[in-house]
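# Descriptive structure summary
Listed below, chain by chain, are the residues.
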Amino acid sequence: MTDAPATPYLAVDLDVLSRNLDNTARWARERGLRLRPHAKTHKSPEIARRQIESGAVGLTVATVAEGEIFSRAGATDLFVAYPVWAAGVRGARLRALAQGVDLRVGVDSAEGAQHLGIALAGTSASVMVEVDCGMRRTGVAPGEVVEVARAADRAGVRVAGVFTFPGHGYAPGAAAQAAADEAVALAKAAELLRGSGFDDLEVSGGSTPTLAHSDATVLTEVRPGVSVFNDAQQVELGTCGWEDLALTAVGTVVSRGDGRFVLDAGGKVLGADRPGWATGAGRVPSMPDARVVLLSEHHAVVEVPLGTAVPELGERVAIAPNHVCAAANLAREYVVVVGGRVTRWPITAAGANT
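Residues numbered from 1 in each chain as written. Predicted model: local features only at pLDDT ≥ 70, side-chain atom pairs only at ≥ 80, totals over all residues. Heavy atoms only, no water.

## With respect to the overall build of the chain
Rule in force here: Secondary structure follows DSSP: runs of H or I at least 4 residues long count as helices, runs of E at least 2 residues long count as strands, and numbering of each begins at the N terminus. Restricting the calculation to C-alpha atoms gives the radius of gyration, and the globule rule supplies 2.2 Å times the number of residues raised to the power 0.38. Burial status follows relative accessibility: with a 1.4 Å probe on protein chains alone, a residue under 20% of its type maximum counts as buried, one over 50% as exposed, and anything between as partly exposed. Only the protein chains shown count as covering a residue, and every accessible area follows the Shrake-Rupley method with a 1.4 Å probe. We score Asp and Glu as negative and Lys and Arg as positive, and we do not count His or the chain ends. Throughout, a charge is located at the NZ atom of Lys, the CZ atom of Arg, the CG atom of Asp or the CD atom of Glu.
Looking only at helices and strands, the chain has 10 helices and 16 strands in total. Computed over the C-alpha atoms, the radius of gyration of the chain is 21 Å, within 12% of the 20 Å expected from 2.2 N^0.38 for a compact globule of 354 residues. Over its C-alpha atoms, taken along the principal directions, the chain stretches across nearly 65 × 40 × 35 Å. Burial analysis of the chain (354 residues in total) assigns 56% to the buried set. Surface exposure of the chain reaches about 14600 Å², of which carbon and sulfur atoms provide 50%. The centroid of the 33 positive side-chain charges in the chain is displaced by 3 Å from the centroid of its 39 negative side-chain charges.

So this is what it looks like as structure tokens:
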């Protein structure tokens, strides 16, 4: 590879990325579902453009700042899938964003709806009521959606639908049940809203581990994020295989010993996200039996089974992060190898957390 960058860096396999984009878009299209991928995973206008070209109807974002960045990059249809507290400066920013794109914003309280009504007055923006389907994070119980929707209606902002995140599907063997919980919660919420006069509703859900189990008789839209790259978590959950990893962190072996070696891609590159069920703090795709057993800021300690050859000092090794979203947020660019040459894609929305 010419122009090889200094390690550590995030490498994107363009062929795998393209295949992942096509597979997700085809899956949604075959089921009649709108695809609105979550751009907080990649935070890259270049990848967002490719998602839209492959069939996505728009983008999901997590913050107003992400929305601003993707809007400036040309996005025209955005959903901030978060119960934004639209007071003060954030309310003014949200209003400005709504004047440039087709915007939907999450809400899960009457008080939040009141602030959104003030911030979005005179714009065409709408809200999506968030439902909790079992993760116990944000969102109201399905039976409480009408109260929130009526508050939004009184505040003068249109209710576009309901959404949820089946995040409790991020555990071994939990995906199918989480998707079933999602369908039950959203079906009840949508039925109650329609019975209260709210029509033409979007019913939005989905996540990478639960996507294959999504109920297309209930949902109208899905919002997977990680599937664009995949990561070590998804391999361990059985959502994908090693061949489906489009992103890895490349590090250099800086120390080695019997049964272990150390790379210069530590927690400041890979991110520190490690669920209790994960078998390591990252995985080495070329050595499936290896485990990242310790992450320091600039060290990744990898253990291998006794008798396994250990990479040489100075050798470059690719690691799959546990959670690719966290790794992307820590970097400033992706290194993409095309035809043996290096192309760099800026991660424009890295750190856009406000």
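From this point, the discussion proceeds with the structure in view.
## Observations concerning the packing of aromatic side chains
What counts, and what does not: Side-chain rings of Phe, Tyr and Trp (the six-membered ring for Trp) are treated as a pair once their centres are within 6.5 Å; stacked means planes under 30 degrees apart, edge-to-face means over 60, and tilted covers the remaining angles.
In the structure shown here, the tally under the stated rule is 3 aromatic pairs. Here the aromatic rings of Phe 165 and Tyr 170 are separated by 6.3 Å at their centres, their planes lie at 50°, and the arrangement is tilted. A residue is classified by how much of its surface remains accessible, and Phe 165, at 22% relative accessible area, is partly exposed. Taking the centre distance of 5.4 Å and the plane angle of 70° together, the rings of Phe 229 and Tyr 334 count as edge-to-face. With a gap of 105 residues between them, Phe 229 in the loop between strand 9 (221–222) and helix 8 (232–237) and Tyr 334 in strand 15 (residues 333–338) connect regions that are remote in the sequence. Taking the relative accessible area as the measure of exposure, Phe 229 reaches 0% and is therefore buried.

## Overview of the packing of helix 1 (residues 14–30) against helix 2 (residues 45–54)
For clarity, the threshold we go by: Only the stretch in contact is used when fitting a helix axis, every axis being a line fitted to C-alpha atoms; angles between N-to-C directions are given from 0 to 180 degrees. Throughout, the term roughly parallel applies to angles under 35 degrees, roughly antiparallel to angles over 145, roughly perpendicular to angles from 65 to 115, and oblique to all others. What makes a crossing left-handed is the near helix being turned counterclockwise from the far one by less than a right angle; a clockwise turn instead makes it right-handed. Two residues qualify as a contact provided that any one of their heavy atoms is within 4.5 Å of a heavy atom in the partner residue. Under the grouping applied here, Gly and all other residues not named as nonpolar or charged are polar, the nonpolar ones being Ala, Val, Leu, Ile, Met, Phe, Trp, Tyr, Cys and Pro and the charged ones Asp, Glu, Lys and Arg.
The contact between helix 1 and helix 2 brings their axes to 9 Å, and the two run at 40°. The orientation of helix 1 with respect to helix 2, classified from their angle, is oblique. Where helix 1 crosses over helix 2, the handedness of that crossing is right-handed. Note on element contacts: helix 2 touches helix 1 through Ile 47, Arg 50, Gln 51 and Ser 54, opposite Leu 14, Leu 17, Ser 18, Leu 21, Asp 22, Ala 25 and Arg 29. Classifying every residue of the contact of helix 1 with helix 2 by side-chain character gives 5 nonpolar, 3 polar and 3 charged.

## Details of helix 7 (residues 175–195)
As a reminder of what qualifies: Between the first and last residue of a helix there are one fewer steps than residues, each counted as 1.5 Å, and that sum is the expected span.
An ideal rise of 1.5 Å per residue puts 30 Å on 21 residues; helix 7 measures up with 30 Å between its terminal C-alpha atoms. Buried within helix 7 are the following residues: Ala 175, Ala 178, Ala 179, Glu 182, Ala 183, Ala 185, Leu 186, Ala 189, Ala 190 and Leu 193. As for helix 7, its buried residues are in contact with helix 6 (145–154), strand 7 (158–163) and strand 8 (202–205). Of the residues one or two after helix 7, Gly 197 is the one with positive phi, at around 95°.

## Digging into the side chain of Asn 230
Quick note on the threshold: Residues adjacent in sequence count toward polar contacts only when both atoms are side-chain atoms; beyond that, a polar contact is any pair of N or O atoms within 3.5 Å, and within protein one must be able to donate a hydrogen and the other to accept it.
Note on placement: Asn 230 falls in the loop between strand 9 and helix 8. Engagement of the side chain of Asn 230 in a polar contact is seen with the backbone oxygen of Asp 244, the distance being 3.0 Å. With residues near it in sequence (within four places) discarded, Asn 230 still touches Asn 20, Thr 208, Cys 240, Asp 244, Leu 245 and Val 324.

## Section: empty space enclosed by the protein
Operational definition: Cavity and pocket criteria rest on a 1 Å grid covering protein atoms alone: a 1.4 Å probe that fits but cannot get out defines a cavity, protein on both sides within 12 Å along at least 5 of 7 lines defines an open pocket, and an atom within 4 Å of a point defines a lining residue. Grid points are joined across faces, edges and corners, and a volume is the space filled by probe spheres set on the points.
Counting across every chain of the model gives 2 cavities of 30 Å³ or more. Counted as a void, the largest cavity has a volume near 70 Å³. Lining the largest cavity are Asn 20, Leu 21, Thr 24, Ala 25, Leu 35, Pro 37, Gln 51, Ser 54, Pro 224, Gly 225, Ser 227 and Val 228. Broken down by secondary-structure element, the contributors of at least two residues to the lining of the largest cavity are helix 1 and helix 2.

## Digging into the pattern of salt bridges
Put simply, the test is: Whenever a carboxyl oxygen of Asp or Glu lies within 4 Å of a side-chain nitrogen of Lys or Arg, that contact is scored as a salt bridge.
Under the definition given, this model contains 17 salt bridges. Residue Glu 221 pairs with Arg 34 through a salt bridge whose shortest N-O separation is 3.7 Å. Separated by 187 residues along the polypeptide, Glu 221 in strand 9 and Arg 34 in strand 2 (residues 34–35) bring together distant segments of the chain. For Arg 34, a relative accessible area of 29% puts it in the partly exposed group.

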